[in-house]
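Residue strings, one per chain:
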Amino acid sequence: MNTNTETKPYPRHIAIILDGNGRFAKKHGLLRQQGHKAGADNVEAVGDLFIEKGIPYMTVYAFSTENWKRSEDEVSYLMALMKRYLTKNKVDALRKGIRIRVIGDRSRLSRDLQELIVSMEEDTKDMKNLNLTFAINYGGRDEIRRAVSKMISDGVKADQVDEALISSYLDTSDLPDPDLLIRTSGEERISNFLLWQIAYAEMYFTDKLWPEFDEAELDQALASFQKRDRRFGGRKEE
Ligand code: FPP
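Residues numbered from 1 in each chain as written. Predicted model: local features only at pLDDT ≥ 70, side-chain atom pairs only at ≥ 80, totals over all residues. Heavy atoms only, no water.

A short note on the sheet that holds strand β2 (residues 57–64)
- Spatially, β3-β4-β2-β1-β5-β6 is the arrangement adopted by the 6 strands of the open sheet, whose pairing is parallel. The sheet is open, and its two edges are formed by β3 (98–103) and β6 (202–205), each paired on a single side. In this sheet, adjacent strand axes meet at a mean angle of 20 degrees when their direction is disregarded.
- In this sheet, strand β5 (residues 180–183) lies alongside strand β1 (residues 13–17) in parallel orientation, the contact comprising 4 bridges. Considered in β5, the bridge of I16 is made with I182. (Pairing = 2+ DSSP bridges. Helix = DSSP H or I, 4+ residues; strand = E, 2+ residues; numbered from the N terminus. Axes fitted to C-alpha atoms, helices over the stretch in contact; angles between N-to-C directions.)

Take a look at the structure:
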């Protein structure tokens, strides 16, 4: 039995599958788009909580490689929401010390969204309070496919391939692996998010819909994380 009662550290990196915006809208008699707007606002609110609590890395699943299958209206609304975020939030990001990055395959995004991403990443690159990463047109399998393809075109030899090299070819090469993965809205799936990087992450699932995920919820997730006995495949001495 683990009798260690000393407080364990918070996770350094939390990845979030922010699910339930549509159901939140339905529950409150709103349009789906309004649910997404509430979801985007909550990314900002939860980011502030990360800064307050000293958790330096937050990575959110904003748009998956599968989300293109949604209606044209919904896809264009989500794209517009991301554009608006990247246009309006630069001053706030600089004031709060937030470094913003984007992972995923940008080549399918519109030219103006790609330019906004480059400019936000460049202008916030020295910020240190929070590393906020948006996964946009992101799929874990697609990320691994792109990494393998690049390794081959770089002429990497079979005996040079080790785990560190693979990690260095992923979109997340300059981020630590997540310690905790949170998914809201009662679904208990990974949905192609950070497949390589979550090898040893703890999982936390809550029934709360993403726009309802607040400080009390985050505290519960953190308390649950602190109770876990992380072994990374090894065995702790009793
Ligand atoms: C899941 O809810 C949410 C998404 C697929 C997209 C979330 C994206 C944003 C909120 C925008 C990105 C954030 C910023 C800050 C620009 P769902 O639609 O699957 O919900 P449902 O399962 O209840 O229908």
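Concerning a nonpolar patch on the surface
- Together, I144, V148, I152 and L195 give the surface a local cluster of nonpolar side chains, amounting to about 320 Å² of exposed area.
- Along the chain, the position of I144 falls in helix α6 (residues 140–153). (Patch = residues over 30% accessible without salt bridge, like charges linked within 9 Å, V, L, I, M, F, W, Y side chains within 5 Å. Areas by Shrake-Rupley, 256 points an atom, 1.4 Å probe, with all protein chains shown as cover. Salt bridge = Lys/Arg side-chain N within 4 Å of Asp/Glu carboxyl O.)

With respect to helix α8 (residues 215–227)
- The end-to-end C-alpha distance of α8 is 18 Å, a good match for the 18 Å that 13 residues give at a rise of 1.5 Å each.
- Of the residues making up α8, those classed as buried are E217, L218, A221, L222, S224 and F225. Down the axis of α8, the buried side of the element spans an arc of 160 degrees, and every buried residue falls inside it.
- Tucked inside the fold, the buried residues of α8 contact β1, α2 (32–53), β5 and β6. (Expected span 1.5 Å × (residues − 1). Buried < 20%, exposed > 50% of the residue type's maximum accessible area, 1.4 Å probe, protein only. Arc of directions from axis to C-beta. Contact = heavy atoms within 4.5 Å.)

Focus: empty space enclosed by the protein
- In the structure shown here, the tally under the stated rule is 1 cavity of 30 Å³ or more.
- Here the largest cavity defines a volume of roughly 70 Å³.
- Around the largest cavity, the lining comprises 13 residues; the ones closest to its centre are E44, Y85, K96, I98 and L132.
- Here the element with the most residues in the lining of the largest cavity is α2; it accounts for 4 residues.
- The residue inventory of the lining of the largest cavity, partitioned by class, reads 7 nonpolar, 2 polar and 4 charged. (1 Å grid on protein atoms, 1.4 Å probe; cavity = no way out; pocket = protein on both sides within 12 Å on 5 of 7 lines; lining within 4 Å. Points joined across faces, edges and corners; volume = space filled by probe spheres on them. Nonpolar A, V, L, I, M, F, W, Y, C, P; charged D, E, K, R; others polar.)

Re the site of the ligand
- Close to the ligand lie 18 residues; L18, G22, R23, R32 and R70 are nearest.
- G22 has a polar backbone atom sitting 3.0 Å from an oxygen atom of the ligand.
- R23 has a polar backbone atom sitting 2.7 Å from an oxygen atom of the ligand.
- Protein contacts shield 92% of the accessible area of the ligand, which totals 630 Å² for the unbound molecule.
- Given that more than half its atoms are within 2 Å of the pocket grid, the ligand belongs to the largest pocket.
- Mapped onto the shell around the ligand, the elements with two or more residues apiece are α1 (21–27), α2 and α3 (72–88).
- Grouping the amino acids of the shell around the ligand by side-chain chemistry returns 8 nonpolar, 6 polar and 4 charged. (Near = heavy atom within 4 Å. Polar contact = N/O pair within 3.5 Å; in protein donor to acceptor, adjacent residues only side chain to side chain. Sits in = over half its atoms within 2 Å of the grid points.)

Some thoughts on the environment of A216
- On the secondary structure map, A216 appears in helix α8.
- Given a relative accessible area of 48%, A216 falls into the partly exposed group.
- Here the alpha-carbon distance between A216 and K88, two residues 128 residues apart in the chain, equals 28 Å.

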